[in-house]
Amino acid sequence: MRMVITGARGQVGGALQASLNGMGTVIALDRAQLDLANADAIRTALRELRPTLVINAAAYTAVDAAESDQASAFRINADAPRVLAEEAERLGAPLIHYSTDYVFDGNKQGTWLEDDVPAPLSVYGRSKLAGEQAIAEVGGAHLILRCSWVYGLTGKNFLLTMLKLAESRDTLSIVDDQIVTPTWS
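Please read these numbers as outputs of a predicted model, since none were measured by experiment.

A. Inspection of the environment of K156 at higher detail. The residue K156 is located in the loop between strand 6 (150-151) and helix 6 (158-168) in this model. C-alpha separation for the pair K156 and Q11, spaced 145 residues apart in sequence, amounts to 8.2 Å.

B. The arrangement of helix 5 (residues 123-138) in detail. The terminal C-alpha atoms of helix 5, which comprises 16 residues, lie 22 Å apart, in line with the 22 Å expected from a rise of 1.5 Å per residue. Burial within helix 5 is extensive, with twelve of its 16 residues counted as buried. Those residues of helix 5 lying buried are V123, Y124, G125, S127, K128, L129, A130, G131, E132, A134, I135 and V138. Buried residues along helix 5 sit in contact with helix 3 (63-66), helix 4 (70-91), strand 4 (95-100) and strand 5 (142-147). G139 sits one or two positions beyond helix 5 and adopts a positive phi of about 85 degrees.

C. The arrangement of a nonpolar patch on the surface in detail. A contiguous nonpolar surface patch, about 420 Å² in accessible area, is contributed by W149, F158, L172, I174 and V175. The exposure class of W149 is partly exposed, given its relative accessible area of 31%.

D. Local environment of unusual backbone geometry. In this model, R50 sits at a positive phi of 50 degrees, which is unusual for a non-glycine residue. With respect to the helices and strands, the residue R50 is situated in the loop between helix 2 (39-49) and strand 3 (53-56). Positive phi values are uncommon outside glycine, yet W149 reaches one of about 45 degrees.

E. Geometry of the sheet that holds strand 3. As summarised here, the arrangement of the five strands in space is 2-1-3-4-5, forming an open sheet in which the pairing is parallel. Strand pairing shows two members of the sheet lacking a second neighbour, strand 2 (25-29) and strand 5, which therefore form its edges. Looking at each pair of strands side by side, their axes are set apart by 15 degrees on average, direction ignored. The sheet contact formed by strand 4 and strand 5 spans six bridges and is parallel. Among the inter-strand pairings, T100 is bridged to a residue of strand 5, identified as C147. Where helix 2 meets the sheet, its contacts fall on strand 1 (2-6), strand 2 and strand 3, and the angle it forms with strand 1 comes to roughly 160 degrees.

F. View of the environment of Q133. Relative to the helices and strands, Q133 is located in helix 5. Judged by its relative accessible area of 42%, Q133 falls in the partly exposed class. Here the alpha-carbon distance between Q133 and Y98, two residues 35 residues apart in the chain, equals 13 Å.

G. Fine view of the side chain of N77. Examined against the element boundaries, N77 turns out to sit in helix 4. N77 sits in the buried class, given a relative accessible area of 0%. Engagement of the side chain of N77 in a polar contact is seen with the backbone nitrogen of Y60, the distance being 2.8 Å. Side-chain polar atoms of N77 contact the side chain of S127, separated by 3.0 Å. Once residues lying within four places of it in the same chain are set aside, the contact partners of N77 are A59, Y60, Y124, S127, K128 and G131.

H. Focus on the packing of aromatic side chains. Tallied over the full model, the rule gives four aromatic pairs. With 4.2 Å between their ring centres and 10 degrees between their planes, F104 and W112 make a pair best called stacked. Looking at F104, the relative accessible area reads 8%, which means it is buried. Measuring from ring centre to ring centre gives 4.9 Å for W149 and F158, while their planes differ by 55 degrees; the resulting arrangement is tilted.

I. How the structure looks around empty space enclosed by the protein. One pass over the full model with this rule turns up one cavity of 30 Å³ or more. Here the largest cavity defines a volume of roughly 40 Å³. Taken together, A85, A88, E89, A93, L95, I135, V138, G140, A141 and H142 make up the full set of residues lining the largest cavity. Those elements that place two or more of their residues in the lining of the largest cavity are helix 4 and helix 5. With three residues, helix 4 is the largest single contributor of residues to the lining of the largest cavity. Here the lining of the largest cavity is composed, by residue class, of seven nonpolar, two polar and one charged.

Definitions and cut-offs
- Residues numbered from 1 in each chain as written.
- Predicted model: local features only at pLDDT ≥ 70, side-chain atom pairs only at ≥ 80, totals over all residues.
- Heavy atoms only, no water.
- Helix = DSSP H or I, 4+ residues; strand = E, 2+ residues; numbered from the N terminus.
- Expected span 1.5 Å × (residues − 1).
- Buried < 20%, exposed > 50% of the residue type's maximum accessible area, 1.4 Å probe, protein only.
- Contact = heavy atoms within 4.5 Å.
- Patch = residues over 30% accessible without salt bridge, like charges linked within 9 Å, V, L, I, M, F, W, Y side chains within 5 Å.
- Areas by Shrake-Rupley, 256 points an atom, 1.4 Å probe, with all protein chains shown as cover.
- Salt bridge = Lys/Arg side-chain N within 4 Å of Asp/Glu carboxyl O.
- Pairing = 2+ DSSP bridges.
- Axes fitted to C-alpha atoms, helices over the stretch in contact; angles between N-to-C directions.
- Polar contact = N/O pair within 3.5 Å; in protein donor to acceptor, adjacent residues only side chain to side chain.
- Phe/Tyr/Trp six-rings, centres within 6.5 Å; stacked < 30°, edge-to-face > 60°.
- 1 Å grid on protein atoms, 1.4 Å probe; cavity = no way out; pocket = protein on both sides within 12 Å on 5 of 7 lines; lining within 4 Å.
- Points joined across faces, edges and corners; volume = space filled by probe spheres on them.
- Nonpolar A, V, L, I, M, F, W, Y, C, P; charged D, E, K, R; others polar.

Shown next as structure tokens:
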């Protein structure tokens, strides 16, 4: 198996590299190697690398910044997944795409299900939903994983922030009005 992973320096991309090691050829691309804001670069890379599996672990994840930089959020979270899906289908390769619970409005009592109607409240959520929809429209073999509160041993995440703060403070003040299902990277 020949796998291309985008987002090689992110929490999920880095963890995927480690977990897939030994299961085939893993080609992990970071932003410097593959600019997801450039559709032609995506096409060129996938046509040259000819993967049998494409894993998109990259995203524009700056939730607050997306509000003022909508164009970048949509280029990376919506347009790039479409191009990845088109190229994966052309190669006959499945696409695994990481999305987010931000596609929902958070108002449901209980567990969100994959067939619940999305209603994103932010540019970030709308851009990620647009990416999911673009992949589905292409119609190739794909799997979309909606994650929330990704954490791991590297990167910026809630767990590492709390551990760091616990080392330097006697007490911590943390929001208690959110219910989430954290996702290990």
